[in-house]
Amino acid sequence: MEKTNAPYNINTKTYWNGIYEDDVKRAEYKAAGTSSVVINCDGATYAVDKTHRFSRTLEEIKDGDKVLDMGCGVGNLTTLVKKSYPKCEIWGTDISDSIIEENKIENPDIKYFAEPIGRQWDIPDNYFDVVFSGETIE
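All values derive from a computational prediction rather than experimental measurement.

Trainee: Is there a simple way to explain the packing of helix α3 (residues 52-59) against helix α4 (residues 76-84) in this structure?
Mentor: For any two helices packed against each other, the geometry comes down to the angle between their axes and how far apart the axes lie. Two elements in contact, α3 and α4, have axes separated by 11 Å at closest approach and are oriented at 40 degrees. Relative to α4, α3 is oriented oblique. In the packing of α3 onto α4, the handedness of the crossing is right-handed. From α3, F54, T57 and L58 reach across to α4, where they touch N76, L77, L80, V81 and S84. Classifying every residue of the contact of α3 with α4 by side-chain character gives five nonpolar, three polar and no charged.

The structure is reproduced here in structure tokens:
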């Protein structure tokens, strides 16, 4: 993968495919999405419970709902919804086709599509009960 200092390249398919092809990085993303992290900012340290966004989303879901995770990444939320609400119809999209293929293998009952936000042609309009999009705009 070609390195660049341009910040706008972080949300490209090439960038995310490169991240997710690395077993260690992919594992780090899975772990970061399911545990608390510590962030240092302007000399202060903050503990951030990254799972709060998932638990709050789960409060909005009823078993049997149609749920879409836009920018699903490694599939943390989609997997959690499936375990918590087995009757839900769950869809996930991400810009990285490599992680989508892995997600399909790990969770064949979840519909995954490799499509960037704004170009999600396989996603129907006015279909979902709950739509989630977390950490998709860096």
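Trainee: Just to check I follow, could you spell out the sheet that holds strand β6 (residues 130-132) for this structure?
Mentor: Sheet strands pair via backbone hydrogen bonds, and the direction of the pair is either parallel or antiparallel. Taken together, four strands build an open sheet; the order of strands is β5-β4-β3-β6 and the sheet is parallel. Strands with a single pairing partner mark the edges of an open sheet, and in this sheet they are β5 (111-114) and β6. Adjacent strand axes in the sheet meet at a mean angle of 15 degrees, parallel and antiparallel pairs treated alike. Both strand β3 (residues 66-70) and strand β4 (residues 89-94) contribute to a ladder of five bridges, which runs parallel. Counterpart to D69 in the pairing with β4 is G92.

Trainee: What is the right way to look at the pairing of β4 in this model?
Mentor: Regular strands place their side chains on alternate faces of the sheet. Counting buried positions along β4 yields five of six residues, so the element is predominantly enclosed. Between β3 and its parallel partner β4, the chain crosses via α4, and the hand of that crossover is right-handed. When β4 meets β5, the two strands line up parallel, connected through four bridges. Bridging across to β5, W91 finds its partner in K111. On the question of chirality, the crossover connecting β4 to the parallel β5 by way of helix α5 (residues 97-106) is right-handed.

Trainee: Any chance you could explain the side chain of D65 here in plain terms?
Mentor: Here D65 shows up in the loop between α3 and β3. Assessed through its relative accessible area of 7%, D65 is described here as buried. For D65, the side chain forms a polar contact with the main-chain nitrogen of K62, separated by 2.9 Å. Sequence-distant contacts of D65, defined by excluding residues within four places in its chain, comprise E60, C88, E89, D129 and V130.

Trainee: So what exactly am I meant to see when it comes to the environment of A27 here?
Mentor: Position of A27 relative to the elements: it lies in helix α2 (residues 23-32). Its relative accessible area of 44% is what places A27 among the partly exposed residues. Between the alpha carbons of A27 and V74 there is a distance of 8.8 Å; along the sequence they are 47 residues apart.

Trainee: How should I be thinking about the confidence of the model for the protein in this particular structure?
Mentor: If pLDDT is low for a region, its predicted coordinates should not be looked at in detail. When pLDDT is averaged along the protein, the result is 83, and 79% of the positions lie at 70 or above. Of all helices and strands in the protein, the one with the weakest mean pLDDT is strand β1 (residues 36-41) (59), whereas β3 scores best (97).

Cut-offs and rules
- Residues numbered from 1 in each chain as written.
- Predicted model: local features only at pLDDT ≥ 70, side-chain atom pairs only at ≥ 80, totals over all residues.
- Heavy atoms only, no water.
- Axes fitted to C-alpha atoms, helices over the stretch in contact; angles between N-to-C directions.
- Helix = DSSP H or I, 4+ residues; strand = E, 2+ residues; numbered from the N terminus.
- Parallel < 35°, antiparallel > 145°, perpendicular 65-115°, else oblique.
- Left-handed = near helix turned anticlockwise from the far one by under 90°.
- Contact = heavy atoms within 4.5 Å.
- Nonpolar A, V, L, I, M, F, W, Y, C, P; charged D, E, K, R; others polar.
- Pairing = 2+ DSSP bridges.
- Buried < 20%, exposed > 50% of the residue type's maximum accessible area, 1.4 Å probe, protein only.
- Right-handed = clockwise from strand over helix to strand, strands pointing away.
- Polar contact = N/O pair within 3.5 Å; in protein donor to acceptor, adjacent residues only side chain to side chain.
- pLDDT = per-residue confidence, 0-100.

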